[in-house]
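A look at the structure
These are the residues of each chain, in order.
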Amino acid sequence: QVQFVESGGGLVQPGGSLRLSCAGSGSKFRIYVMAWYRQAPGEQRELVATITSGGYTNYTDSVKGRFTISRDNAKNTVYLQMNSLKPEDTAVYYCRGGPRFEVWGQGTLVTVSS
């Protein structure tokens, strides 16, 4: 059974940085498309970034130039490096992936505030 566990969320000041991690279980992590989503209070869940098995990445416009998605297949882990954080980045961040892109992590809360 594939599972993902996010970590690294917390409170950060505007302009600060945070790195989220998504640790996966299973033997075929290397072939999965992986993604980060976020859900702000009262808002719909939105796609933030994706990374293919070959390392190709895409980002939503609001985070381009500030966030970087990466993966370390040897560690079964995908990362989201978040720089120049803004209050509007406050959300619960989720990773998603698996053999049919059907598995979600439990989420980790990021709060950007002074």
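Report on the accompanying structure. Not measured: the values here are computed from a predicted model.

On to the pairing of strand β3 (residues 18–24). Of all seven residues making up β3, five are buried, and the element is well covered by its neighbours. Where strand β1 (residues 4–7) meets β3, four bridges bridge the pair, whose relative direction is antiparallel. Its bridge partner lying in β3, Glu 6 is registered against Cys 22. Relative to strand β8 (residues 77–82), β3 is paired through six bridges, and the arrangement is antiparallel. Counted as the bridge partner of Leu 18 is Met 82 from β8.

What follows deals with the state of the cysteines. On inspection of all chains with the given rule, the structure shows one disulfide. Note on cysteine connectivity: Cys 22 is disulfide-linked to Cys 95, with sulfurs 2.0 Å apart. Note on the Cys 22 and Cys 95 pair: the S-S dihedral is about 60°, so by sign convention the disulfide is right-handed. Of this pair, Cys 22 sits in strand β3 while Cys 95 sits in strand β9 (residues 91–97); the two residues are 73 residues apart in sequence, bridging distant segments of the chain.

What counts as what
- Residue positions are given per chain, counting from 1 as you read along its sequence in written order.
- Residue-level local features of this predicted model are given only where pLDDT is at least 70; pairs of side-chain atoms are given and counted only at 80 or more, and the full residue set underlies all totals for whole chains, interfaces and linings.
- Only hydrogens and water are set aside when side-chain values are computed; all heavy atoms of the structure are taken into account.
- Classification of residues uses two cut-offs on accessible area relative to the type maximum, computed with a 1.4 Å probe and protein chains only: under 20% is buried, over 50% is exposed, and between them is partly exposed.
- Put simply, DSSP marks the helices as runs of H or I at least four residues long and the strands as runs of E at least two long, and each gets a number from the N terminus on.
- By the convention used here, strands pair only if DSSP detects at least 2 bridges between them.
- Two cysteine sulfur atoms form a disulfide, by the criterion used here, when they sit within 2.5 Å.

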